[in-house]
Amino acid sequence: LRSFTWLKAAYLTPAAEASGEMTYYAPSVSWLVKRGKVYSFAAKGGHNAEPHNQHDIGSFILAKDGHQILTDPGSGVYTRQYFTPALRYDGVACGSRGHSVPFFGTDADREAKGKHYGYQKDGKQFCARDVVFEGDTFSMDIAPAYGESFVRSVKRVFTFGERGFTLRDEFDVDGGIPITERLVSLTPFAVGEGVATTDLATLAYDPDLYEVTTSVGDFRPDTPVYFLDLK
């Protein structure tokens with residue numbers, strides 16, 4: 001009722017500048033938002049003790065023509081488990097596995113060593129460091145978000161071009177530790193030799209470097225999310 005009572009007609013019409021190019025960086029929370037002629041982009045550093053926190057340090061969103069291509073699923077279903085700290089990060093909505101971030105180890109490792117092994121952890125000390133936005137690059141080291149002794153550095157660098165961007169991750173981890181690069185979308189991925197496509201975008205990768213798999217996440221019964229894993 002309040003929304004109708006306080007509604008102003010001017011709020012229904014986007015300001016003229018809303019359709020133009022824009023770059024906004026908030027250093028206090030390490031958030032970057034860019035809108036270009038071809039695509040829009042957002043990424044975050046920060047820490048894992050934010051209000052309504054999710055384990056999403058280093059995650060990003062890619063949008064085009066008003067549609068999110070690579071996405072953050074958003075808030076989950078509000079249940080008792082969702083607001084229970086010990087269970088909150090088990091699901092897709094809040095945990096690392098529902099975001100476009102790397103993680104380490106295998107499901108067998110998590111069964112043996114604990115369910116959060118290799119994923120990001122909860123707390124202000126689990127954060128991004130060395131965050132820098134400069135010109136056409138946005139970089140950070142997200143290793144502290146994992147709180148694992150075998151993860152010494154994960155330097156994540158986004159480099160922006162007119163029609164797309166390049167993501168480069170440089171890892172300093174113990175040898176033999178499996179690494180998974182996860183990308184999250186609201187539409188399925190079609191995987192070919194060196195490329196993966198989803199609505200409105202194409203991802204190019206080195207087929208000699210990765211084993212690529214796809215799966216569906218259990219976000220909500222009526223809203224599946226799709227995972228592309230480069231292992």
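Here the structure is shown first, and the text comes after it.
Just so it is clear, the structure is predicted and the values come from calculations on it, not from any experiment.

J.: Just to check I follow, could you spell out the sheet that holds strand β16 (residues 201–204) for this structure?
T.: Sheets are built from strands that pair by backbone hydrogen bonding, the pairs being arranged parallel or antiparallel. The 3 strands lie next to each other as β14-β15-β16, forming an open sheet whose pairing is antiparallel. With partners counted over all chains shown, the strands left at the sheet margins are β14 (190–191) and β16, one partner each. Of the pairings in the sheet, the one linking β14 to strand β15 (residues 195–198) comprises 2 bridges and is antiparallel in character. Across the sheet, residue Val-191 finds its bridge partner in β15, namely Ala-196.

J.: What's the story with the pattern of salt bridges in this structure? I'm lost.
T.: Pairs may arise between side chains of opposite charge once their charged atoms sit close together. Scanning the model with the defined rule gives 13 salt bridges in all. Between Arg-110 and Asp-107 there is a salt bridge whose closest N-O contact spans 3.6 Å. With Arg-110 and Asp-107 both in helix α3 (residues 107–113) and 3 residues apart, the pair spans about one turn of that helix. Given a relative accessible area of 9%, Arg-110 falls into the buried group. A salt bridge links Arg-156 to Glu-181; the shortest N-O distance between them is 3.2 Å. You can see Arg-156 sitting in strand β11 (residues 151–160) and its partner Glu-181 sitting in strand β13 (residues 179–185), a full 25 residues away along the chain. For the pair shown, Arg-156 and Glu-181 are each scored as buried. Overlapping salt bridges bring together Lys-44, Glu-50 and Asp-56 as one network.

Cut-offs and rules
- Residues numbered from 1 in each chain as written.
- Predicted model: local features only at pLDDT ≥ 70, side-chain atom pairs only at ≥ 80, totals over all residues.
- Heavy atoms only, no water.
- Pairing = 2+ DSSP bridges.
- Helix = DSSP H or I, 4+ residues; strand = E, 2+ residues; numbered from the N terminus.
- Salt bridge = Lys/Arg side-chain N within 4 Å of Asp/Glu carboxyl O.
- Buried < 20%, exposed > 50% of the residue type's maximum accessible area, 1.4 Å probe, protein only.

Keep in mind that these numbers describe shape and distance, not what the molecule does.
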